[in-house]
Amino acid sequence: EHSLNMLYITHIVCTIVFVIIPMVQLRWAAQAEIKKAQHDEDGEVVTDYTLLQFQEKCHQLASYEYQSWGGSYVEDFLEVVLGFG
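What counts, and at which threshold
- Residues numbered from 1 in each chain as written.
- Predicted model: local features only at pLDDT ≥ 70, side-chain atom pairs only at ≥ 80, totals over all residues.
- Heavy atoms only, no water.
- Helix = DSSP H or I, 4+ residues; strand = E, 2+ residues; numbered from the N terminus.
- Buried < 20%, exposed > 50% of the residue type's maximum accessible area, 1.4 Å probe, protein only.
- Contact = heavy atoms within 4.5 Å.
- Patch = residues over 30% accessible without salt bridge, like charges linked within 9 Å, V, L, I, M, F, W, Y side chains within 5 Å.
- Areas by Shrake-Rupley, 256 points an atom, 1.4 Å probe, with all protein chains shown as cover.
- Salt bridge = Lys/Arg side-chain N within 4 Å of Asp/Glu carboxyl O.

When helices and strands are counted, the chain shows three helices and zero strands. Its helices and strands in sequence order give the chain the pattern α-α-α, from N to C terminus. Of all 85 residues assigned to the chain, the portion counted as buried reaches 11%. Counted over contacts in the chain with a minimum sequence separation of 6, partners at least 24 positions apart contribute 37%.

Our next topic: a nonpolar patch on the surface. Residues I12, I16, V19, I20, M23 and V24 make up a contiguous nonpolar surface patch of about 560 Å² in total accessible area. Examined against the element boundaries, V19 turns out to sit in helix α1 (residues 2-36).

Structure (C-alpha coordinates):
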(Lines give C-alpha, C1' and ligand atoms only; values in the text may rest on other atoms or scores of the structure.)
Protein backbone atom coordinates (compact mmCIF):
# COMPACT_ATOMS: atom_id res chain seq x y z
CA GLU A 1 0.00 0.00 0.00
CA HIS A 2 2.86 2.37 0.81
CA SER A 3 4.52 1.82 -2.57
CA LEU A 4 1.21 2.42 -4.38
CA ASN A 5 0.73 5.71 -2.52
CA MET A 6 4.28 6.74 -3.40
CA LEU A 7 3.60 5.86 -7.04
CA TYR A 8 0.52 8.09 -7.17
CA ILE A 9 2.25 10.96 -5.35
CA THR A 10 5.27 10.73 -7.63
CA HIS A 11 3.04 10.64 -10.71
CA ILE A 12 1.06 13.69 -9.60
CA VAL A 13 4.22 15.67 -8.79
CA CYS A 14 5.84 14.75 -12.12
CA THR A 15 2.70 15.65 -14.05
CA ILE A 16 2.49 19.05 -12.37
CA VAL A 17 6.19 19.72 -12.96
CA PHE A 18 5.93 18.76 -16.63
CA VAL A 19 2.97 21.13 -17.03
CA ILE A 20 4.63 24.05 -15.24
CA ILE A 21 8.02 23.84 -16.99
CA PRO A 22 6.71 24.63 -20.50
CA MET A 23 4.48 27.38 -19.10
CA VAL A 24 7.48 29.05 -17.48
CA GLN A 25 9.58 28.61 -20.62
CA LEU A 26 6.87 30.15 -22.78
CA ARG A 27 6.35 33.08 -20.46
CA TRP A 28 10.10 33.72 -20.28
CA ALA A 29 10.46 33.55 -24.08
CA ALA A 30 7.47 35.85 -24.63
CA GLN A 31 8.79 38.39 -22.11
CA ALA A 32 12.22 38.31 -23.77
CA GLU A 33 10.63 38.85 -27.17
CA ILE A 34 8.52 41.74 -25.87
CA LYS A 35 11.58 43.42 -24.34
CA LYS A 36 13.56 42.93 -27.54
CA ALA A 37 10.77 44.42 -29.67
CA GLN A 38 9.94 47.43 -27.48
CA HIS A 39 10.86 49.71 -30.35
CA ASP A 40 10.17 49.12 -34.01
CA GLU A 41 12.30 50.30 -36.95
CA ASP A 42 10.91 53.86 -36.79
CA GLY A 43 11.77 54.22 -33.11
CA GLU A 44 8.13 54.10 -32.02
CA VAL A 45 7.21 52.19 -28.89
CA VAL A 46 5.45 48.89 -29.58
CA THR A 47 3.82 47.25 -26.56
CA ASP A 48 1.13 45.01 -28.03
CA TYR A 49 1.80 41.28 -27.99
CA THR A 50 -1.13 39.55 -29.61
CA LEU A 51 -2.59 36.17 -28.77
CA LEU A 52 -1.63 34.99 -32.24
CA GLN A 53 2.02 35.81 -31.54
CA PHE A 54 1.82 33.94 -28.24
CA GLN A 55 0.24 30.89 -29.91
CA GLU A 56 3.02 30.90 -32.49
CA LYS A 57 5.58 30.96 -29.68
CA CYS A 58 3.73 28.06 -28.00
CA HIS A 59 3.96 26.05 -31.19
CA GLN A 60 7.69 26.74 -31.46
CA LEU A 61 8.58 25.82 -27.88
CA ALA A 62 5.91 23.29 -26.88
CA SER A 63 4.37 21.73 -29.96
CA TYR A 64 2.00 18.78 -29.62
CA GLU A 65 4.31 16.03 -30.86
CA TYR A 66 6.03 12.98 -29.45
CA GLN A 67 8.73 13.66 -26.81
CA SER A 68 8.15 17.40 -26.60
CA TRP A 69 7.08 19.65 -23.74
CA GLY A 70 3.65 20.01 -25.34
CA GLY A 71 2.75 16.33 -25.04
CA SER A 72 1.40 14.04 -27.76
CA TYR A 73 -1.39 11.60 -28.51
CA VAL A 74 0.90 8.66 -27.74
CA GLU A 75 2.00 10.00 -24.36
CA ASP A 76 -1.52 11.04 -23.37
CA PHE A 77 -2.94 7.64 -24.32
CA LEU A 78 -0.13 5.78 -22.54
CA GLU A 79 -0.74 7.75 -19.36
CA VAL A 80 -4.40 6.70 -19.33
CA VAL A 81 -3.62 3.06 -20.16
CA LEU A 82 -0.87 2.79 -17.55
CA GLY A 83 -3.20 4.27 -14.97
CA PHE A 84 -5.44 1.21 -15.37
CA GLY A 85 -2.44 -1.13 -14.91
